[in-house]
Amino acid sequence: MLKQMKVGFIGTGVMGKSLVKHLLNANHDVTVYTRTKEKAADLVKEGAKMASSPSEVAQKVEVLFTMVGYPYDVEEVYFGERGIFQVNNPNLMVIDMTTSTPTLAKKIADKANEKEMLSLDAPVSGGDIGAQQGKLSIMCGGEKSTFDQALPILNLFGETILYQGPAGAGQHTKMCNQITIASGMIGVCEALAYGKKAGLDLDQVLRSISTGAAGSWSLSNLAPRIIAGDYEPGFYIKHFVKDMKIALEEAEKMNLQLPGLTLAKSLYDDLVNEGYAENGTQALVNLYI
């Protein structure tokens, strides 16, 4: 049985809020920080404590999760004037679940080691549904001993939780995930556009193709939203564009050409320019229909 712990969580957006609820339901003592306090109001009602800065959270807890928007947000949360690394709390475990850069993950690991803290980069996949159900895929980079220590609490959030290697390996694995989704979403949207033009019943089409060789998480979970005209974010387009940019930059460093990803990013860039940045990735279909 997982012992009660003092746990911090920085970033209570679409997914972070659900993860905090899992911590509260497991009777952990939870302290949260978010720049927009209204986003955490219901969590406070459920028993979470509100801190005024990342450093305040870091001073009070044993394990600290971060899940923010962009790499520059991660940098500020960890290295800023009121950041996590401004405090001395040896043996604090910091776990960054943001999809960020492998380089920044290594920088955090080096600084954590210098301050006698433990660290993991642990980006996730599964969207809002996976977060709500505690069935995320969590990809971890860092010291294996830290991963082993973190696994019991990560089990509250995830169904597939795997150690990928040293610091940065979790972020590299998440790039593999995003590259797969990027081209896959093109396929899902083009299939539905084709089916609609052909006059087919799209729900019936999905029943046939989602259980065959074409089956995928996006087809099973996002295609029904597309058919219903639901473009609410399980994962924001603006964040997906950020992820694709990171993946292309990392690929360039490795002298690797990724034409499928390049095409996908250009299409999502078009969506951002048309005002869809706050929608979910399934809104790609609007370029076709």
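These notes cover the structure that comes with them.

What counts, and at which threshold
Residues numbered from 1 in each chain as written. Predicted model: local features only at pLDDT ≥ 70, side-chain atom pairs only at ≥ 80, totals over all residues. Heavy atoms only, no water. Axes fitted to C-alpha atoms, helices over the stretch in contact; angles between N-to-C directions. Helix = DSSP H or I, 4+ residues; strand = E, 2+ residues; numbered from the N terminus. Parallel < 35°, antiparallel > 145°, perpendicular 65-115°, else oblique. Left-handed = near helix turned anticlockwise from the far one by under 90°. Contact = heavy atoms within 4.5 Å. Nonpolar A, V, L, I, M, F, W, Y, C, P; charged D, E, K, R; others polar. 1 Å grid on protein atoms, 1.4 Å probe; cavity = no way out; pocket = protein on both sides within 12 Å on 5 of 7 lines; lining within 4 Å. Points joined across faces, edges and corners; volume = space filled by probe spheres on them. Expected span 1.5 Å × (residues − 1). Buried < 20%, exposed > 50% of the residue type's maximum accessible area, 1.4 Å probe, protein only. Arc of directions from axis to C-beta. Core = buried A, V, L, I, M, F, W, Y, C linked by side-chain atoms within 4.5 Å. Pairing = 2+ DSSP bridges. Right-handed = clockwise from strand over helix to strand, strands pointing away. Salt bridge = Lys/Arg side-chain N within 4 Å of Asp/Glu carboxyl O.

Focus: the packing of helix α12 (residues 237-253) against helix α13 (residues 259-273)
Put simply, α12 and α13 touch, their axes get as near as 10 Å, and they point 150° apart. When the axis of α12 is compared with that of α13, the two are roughly antiparallel. Judged by the twist between their axes, the crossing of α12 over α13 is left-handed. Along the contact surface, α12 presents I237, F240, V241, M244, K245, A247 and L248, while α13 presents L261, T262, A264, K265, Y268, D269, L271 and V272. Broken down by class, the residue content of the contact of α12 with α13 amounts to eleven nonpolar, one polar and three charged.

Some thoughts on empty space enclosed by the protein
In the structure shown here, the tally under the stated rule is one cavity of 30 Å³ or more. Taken together, D96, A105, I108, A109, S119, L120, D121, G141, G142 and A167 make up the full set of residues lining the largest cavity. Those elements that provide at least two residues to the lining of the largest cavity are α5 (102-114), β6 (118-121) and β8 (136-142). A per-class count over the lining of the largest cavity returns five nonpolar, three polar and two charged.

Some words on α5
A rise of 1.5 Å per residue sets the reference length of α5, with its 13 residues, at 18 Å; its end C-alpha atoms lie 19 Å apart and thus fit the reference within 8%. All buried positions along α5 are accounted for by P102, L104, A105, I108, A109 and A112. Down the axis of α5, the buried side of the element spans an arc of 160°, and every buried residue falls inside it. Exposed residues on α5 whose side chains face more than 90 degrees from its buried face are D110 and E114. For α5, the elements touching its buried residues are α4 (71-79), β6, α8 (169-197) and α12. One or two steps after α5, the chain reaches E116, where phi turns positive at roughly 60°.

With respect to the nonpolar core
By size, the foremost hydrophobic cluster in this structure holds 32 residues, and its most contacted members are F65, I95, M97, I138, L154 and F157. Every element with two or more residues in this core is listed here: β1 (6-10), α1 (16-25), β2 (29-33), β4 (63-66), β5 (93-96), β8 and α7 (144-154). Once residues within four sequence positions are removed from consideration, I95 is found in contact with V63, L64, F65, T66, Y78, L120, A122 and A150. If you look at the next biggest cluster of nonpolar residues, it comprises 29 residues, including M175, A182, M185 and V188.

Observations regarding the pairing of strand β9 (residues 158-165)
Where a strand is regular, its side chains alternate between the two sheet faces. Pairing of β8 with β9 involves six bridges; the strand directions are parallel. By the bridge assignment for β9, S137 is matched with T160. One crossover worth recording links β8 to the parallel β9 by way of α7, and it is right-handed.

Some remarks on the pattern of salt bridges
Taken as a whole, this structure holds 14 salt bridges when the rule is applied. Where K21 meets D42, a salt bridge forms, and the shortest distance between an N and an O atom there is 4.0 Å. Here K21, found in helix α1, pairs with D42, found in helix α2 (residues 41-45); they are 21 residues apart in sequence, far enough to count as distant. Given a relative accessible area of 27%, D42 falls into the partly exposed group. For K144, the salt bridge is made with D148, and the minimal N-O distance between the two is 2.8 Å. With a gap of four residues between them, K144 and D148 both fall in helix α7, about one helical turn apart. A relative accessible area of 39% places K144 in the partly exposed class. Residue classification places D148 among the partly exposed positions, given a relative accessible area of 39%. Salt bridges sharing partners connect three or more residues here, namely K17, K21 and D42.

Concerning the pairing of β2
Here β2 lies mainly inside the structure; four of its five residues are buried. Note: β1 against β2, five bridges, orientation parallel. Each residue of the ladder has a partner; that of K6, found in β2, is D29. You can see the chain leave β1, run along α1 and come back into β2, and the turn it takes is right-handed. Taken together, the two bridges between β2 and strand β3 (residues 49-50) define a ladder with parallel strand orientation. Residue V32 lies in a different strand from β3, and its bridge partner there is M50.

Structural notes on unusual backbone geometry
Unlike most non-glycine residues, N27 shows phi in positive territory, near 70°. Secondary-structure assignment places N27 in the loop between α1 and β2. Of note, N255 is a non-glycine position whose phi angle comes to about 55°, a positive value. As for its placement among the helices and strands, N255 is situated in the loop between α12 and α13. On the accessibility criterion, N255 (72% relative accessible area) is exposed.

Geometry only, nothing functional implied.
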